Amino acid sequence: MVQTLSKGLDLNYLINVHISKSSVDAQIKTILCNHVVKLPENFNAWLLKAITHIDLTTLAGDDTRSNVLRLCNKAANPLPPNIFETLKLEKKIRTAAVCVYPSRVKDAYEALKKMDILSEVNIASVATGFPSGLYSLETRLKEVEFAVSSGANEIDVVLDRSLVLTGQWDTLYNEVQQMKKACGTAHLKVILGTGQLGSYENVYKASMVSMMAGADFIKTSTGMEEVNATLPVGLVMCRAIRKYYQMTGVKVGLKPAGGIKTGQDAVNWLILVYTELGPEWLTPKLFRIASGLWRGTATVVCIKP
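No experiment lies behind these values; they were computed from the predicted model shown.

Let us now look at helix H3 (residues 65-76). Owing to its 3.6 residues per turn, the α-helix aligns residues three or four sequence positions apart on the same side. Between its first and last C-alpha atoms H3 spans 17 Å; for 12 residues at 1.5 Å apiece the expected length is 16 Å, and the two agree. Every buried residue belonging to H3 is among Asn67, Val68, Leu71, Cys72, Lys74, Ala75 and Ala76, and all of these are buried. Tucked into the core, H3 has its buried residues touching strand E1 (54-57), strand E2 (97-100) and helix H5 (105-114).

Here it is, written out as structure tokens:
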């Protein structure tokens, strides 16, 4: 008989998990085929919605204060004036958040405060030894605390994937619990690193354990693995989120990251979430898209006038 090893961790939900790759792939094709956006105006509406779900991200080795200021300006004004006027939009559109390294959180906080939009654009920071997660737990927790004290109200932590690969679920649970505690009032987004977990079963189990430990969001990837966000993995994570909601009544968010390069990519993720979790999940409080499409002169996504 399987027993719960820690308060809140129920290992019964991790046994007898079998996921068919061919079945998952087939379901993705069905979902996308049943929700083809044909009319340009409908597609534009989906794209505009996608912008409001974006965590606009810079996680480069050459990040500077200047880069972060540009990032924040793009988050505040993701559409050029001509597009805004052409579409006759009544409300200003912002991205959901900006996402930076802990050392750049203060820069983001000061920039958004100067623009008086701290209440409109969240500040997310990666932490816990991003992207590998292979640091001492003490060091990882201090990084979370530093990012929060600098002004971050969302923390994207990265799991130690070795714990998943070796089935150390109790240790994984306890680590995520401590990360949640270190976040204080900040939201906890747990990066699974799905491209390095080896199987859909491990993706599902890591999702469940992270949610049991207090994750507000589960996130696919760091964006730096060889394989990042894929729709089949997203479907597996959506099914875990739905199961957890049925178990507890608690809604946990989803954040795909890495490999989302076009407007169609973003819309496909919106369709997946709408189909699997329902329209109530299509809010920035429960769905985000990581995007680094900000450094050039292009808009965040390509809106057609």
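Looking now at the side chain of Glu225. Mapped onto the fold, Glu225 is located in the loop between strand E6 (217-219) and helix H10 (231-248). Filtering out sequence-adjacent residues up to four positions away, Glu225 remains in contact with Arg161, Gly193 and Gln196.

Turning our attention to the sheet that holds strand E4 (residues 154-158). On the basis of which strands lie adjacent, the open sheet formed by eight strands has the order E7-E6-E5-E4-E3-E2-E1-E8 and parallel pairing. The open sheet has two edge strands, strand E7 (253-255) and strand E8 (289-291), and neither has a second partner. Direction aside, the axes of adjacent strands within the sheet are offset by 25° on average. Relative to E8, E1 runs parallel, the two being bridged by three bridges. The residue of E8 that forms the bridge with Asp55 is Ala290. Running at roughly 165° to E7, H10 makes contact with E6 and E7 of the sheet.

The next thing to look at is the pairing of strand E5 (residues 187-191). Of all five residues that make up E5, four are buried, and the element is covered over most of its length. In the sheet, E4 pairs with E5 via five bridges, with the strands oriented parallel. Residue pairing in the sheet places Val157 in a bridge with Val190 of E5. Pairing geometry for E5 and E6, over three bridges, is parallel. Within E6, the residue paired with Val190 across the bridge is Ile218. Assessed by its sense of winding, the connection that carries the chain from E5 through helix H9 (residues 200-212) to E6 is right-handed.

Turning our eyes to something else, we now look at the environment of Asn268. Among the structural elements, Asn268 can be located in helix H11 (residues 263-277). Asn268 gets classed as buried once you look at its relative accessible area, which sits at 15%. Placed 233 residues apart in sequence, Asn268 and His35 show a C-alpha to C-alpha distance of 9.1 Å. If we skip the residues at most four places from it in the chain, Asn268 touches Leu32 and Leu231.

Across its 13 residues, helix H6 (residues 137-149) extends 18 Å between first and last C-alpha, which sits within 8% of the 18 Å expected from 1.5 Å per residue. Taken residue by residue, H6 has Arg140, Leu141, Val144 and Ala147 as its buried positions. All buried residues of H6 lie within an arc of 120° about the axis, which places them on one face of the element. Away from the buried face of H6 by more than 90 degrees, exposed residues Glu138 and Ser149 are located. The secondary structure elements touched by the buried residues of H6 are H5, strand E3 (122-127), E4 and helix H8 (169-183). Looking one or two residues past H6, Gly151 carries a phi angle of roughly 125°, positive in sign.

In this section: the nonpolar core. Grouped together as the largest cluster of nonpolar side chains are 85 residues, with contacts concentrated most on Val98, Ile155 and Leu254. Counting residues per element, this core draws most heavily on H10, which supplies nine residues. The residues contacting Val98, other than those within four sequence positions of it, are Leu56, Leu71, Cys72, Ala75, Ala108, Leu112, Val121, Asn122, Ile123 and Ala124. Judged by nonpolar contacts, the second largest core, of seven residues, contains Leu59, Ala124, Val126 and Val158.

We now examine the packing of aromatic side chains. Taken as a whole and assessed by the stated rule, the structure comprises three aromatic pairs. Residues Tyr245 and Trp281 carry aromatic rings whose centres are separated by 5.6 Å and whose planes lie at 85° to one another, so their mutual orientation is edge-to-face. Note that Tyr245 is positioned in helix H10 and Trp281 in the loop between H11 and E8, a separation of 36 residues in sequence. Judged by relative accessible area, which is 33%, Tyr245 ranks as partly exposed.

Overall, the coordinates contain 18 salt bridges when judged by the stated rule. The salt bridge involving Asp156 is made with Lys189; its shortest N-O contact spans 2.9 Å. A residue pair is termed long-range when its members are at least 10 positions apart, and Asp156 in strand E4 and Lys189 in strand E5 qualify at 33 residues. Each member of the pair Asp156 and Lys189 is classed as buried. We note a salt bridge from Lys219 to Asp156, for which the minimum N-O separation is 2.9 Å. In this pair, Lys219 is assigned in strand E6 and Asp156 in strand E4, connecting sequence segments 63 residues apart. The same class applies to Lys219 as to Asp156, namely buried.

Cut-offs and rules
- Residues numbered from 1 in each chain as written.
- Predicted model: local features only at pLDDT ≥ 70, side-chain atom pairs only at ≥ 80, totals over all residues.
- Heavy atoms only, no water.
- Helix = DSSP H or I, 4+ residues; strand = E, 2+ residues; numbered from the N terminus.
- Expected span 1.5 Å × (residues − 1).
- Buried < 20%, exposed > 50% of the residue type's maximum accessible area, 1.4 Å probe, protein only.
- Contact = heavy atoms within 4.5 Å.
- Pairing = 2+ DSSP bridges.
- Axes fitted to C-alpha atoms, helices over the stretch in contact; angles between N-to-C directions.
- Right-handed = clockwise from strand over helix to strand, strands pointing away.
- Arc of directions from axis to C-beta.
- Core = buried A, V, L, I, M, F, W, Y, C linked by side-chain atoms within 4.5 Å.
- Phe/Tyr/Trp six-rings, centres within 6.5 Å; stacked < 30°, edge-to-face > 60°.
- Salt bridge = Lys/Arg side-chain N within 4 Å of Asp/Glu carboxyl O.

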